[in-house]
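Close look at the chain arrangement
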Amino acid sequence: MGIRFVLLVNKQGQTRLAQYYAEHLTLDERRALEGEIVRKCLARTEQQCSFVEHRNYKIVYRRYASLFFLVGVDNDENELAILEFIHLFVETMDRHFGNVCELDIMFHLEKAHFMLEEMVMNGCIVETSKSNILMPIQLMDKAS
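Residues numbered from 1 in each chain as written. Predicted model: local features only at pLDDT ≥ 70, side-chain atom pairs only at ≥ 80, totals over all residues. Heavy atoms only, no water.

1. Quick look at the UniProt feature "domain: AP complex mu/sigma subunit" (unreviewed entry) in the chain
In this numbering, the UniProt entry assigns the feature "domain: AP complex mu/sigma subunit" (unreviewed entry) to residues 3-143. Structurally, residues 3-143 is divided into 47% helix and 26% strand, and its ends, taken at the C-alpha atoms, are 32 Å apart. (UniProt positions renumbered as here; feature names shortened; annotations may be inferred. Helix = DSSP H or I, 4+ residues; strand = E, 2+ residues; numbered from the N terminus.)

Written out as structure tokens, the structure is:
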């Protein structure tokens, strides 16, 4: 399958974006899972690696400014490829928003979700071109 979920969390542990793929969890189960993962990742130091095993997931995370990008994947997924995916997601948002920050995601959550949906379909990375990812968003911006 590949990617199970993508979370964007601030330094205080508040979830700013959450996208799940083929995970049939109730809202309470998702909240509990997010809480456990966020506590585990935020407690780690910068000297520790960016991979954590939790339940039946491998969590790959990276911090950019005040945001943590957490991706839950299957145990056989390539961690370095997921780190590249996280970096691509950040670069794509940077290109659109200009040095993306937490407020950009809060005020333009639908655009952040749309970028993620252009990149990942059913847990598989389908698009890696920043131009192709941003083209539909730019067309929507022109139309409005």
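2. Details of helix 1 (residues 27-42)
With 16 residues, helix 1 extends 22 Å between its outermost C-alpha atoms, agreeing within 8% with the 22 Å of an ideal straight helix rising 1.5 Å per residue. For helix 1, the full list of buried residues reads Leu33, Glu34, Ile37, Val38 and Cys41. Buried residues in helix 1, looked at end-on, bunch into an arc of 125°, giving them a common side. Residues of helix 1 that are exposed and angled more than 90 degrees away from the buried face: Asp28, Arg31 and Arg39. Where helix 1 is buried, its residues contact strand 1 (3-10), strand 2 (15-20), strand 3 (51-54), strand 4 (57-64) and strand 5 (67-73). (Expected span 1.5 Å × (residues − 1). Buried < 20%, exposed > 50% of the residue type's maximum accessible area, 1.4 Å probe, protein only. Arc of directions from axis to C-beta. Contact = heavy atoms within 4.5 Å.)

3. Some thoughts on the environment of Arg4
Considering the arrangement of structural elements, one finds Arg4 in strand 1. Sequence separation of Arg4 and Glu23 is 19 residues, and the distance between their C-alpha atoms is 6.7 Å. Excluding residues that lie within four positions of it along the chain, Arg4 makes contacts with Gln19, Tyr20, Tyr21, Ala22, Glu23, Tyr57, Gly72, Val73 and Asp74.

4. Focus on the packing of aromatic side chains
Under the counting rule described, the total for this entry stands at five aromatic pairs. Plain terms: the ring middles of Phe69 and Phe89 are 6.1 Å apart, the flat faces sit at 90° to each other, and that makes the pair edge-to-face. Residue Phe69 is found in strand 5, and its partner Phe89 is found in helix 2 (residues 79-97); the two are separated by 20 residues along the sequence. You'll find Phe69 and Phe89 in the same group, each marked buried. Through a chain of ring-to-ring contacts, the aromatic side chains of Tyr64, Phe69, Phe85 and Phe89 assemble into a single cluster. The ring of Tyr20 is capped by Arg30, whose NZ or CZ atom sits 4.2 Å from the centre of that ring. (Phe/Tyr/Trp six-rings, centres within 6.5 Å; stacked < 30°, edge-to-face > 60°. Lys NZ or Arg CZ within 6 Å of the ring centre and 35° of its normal.)

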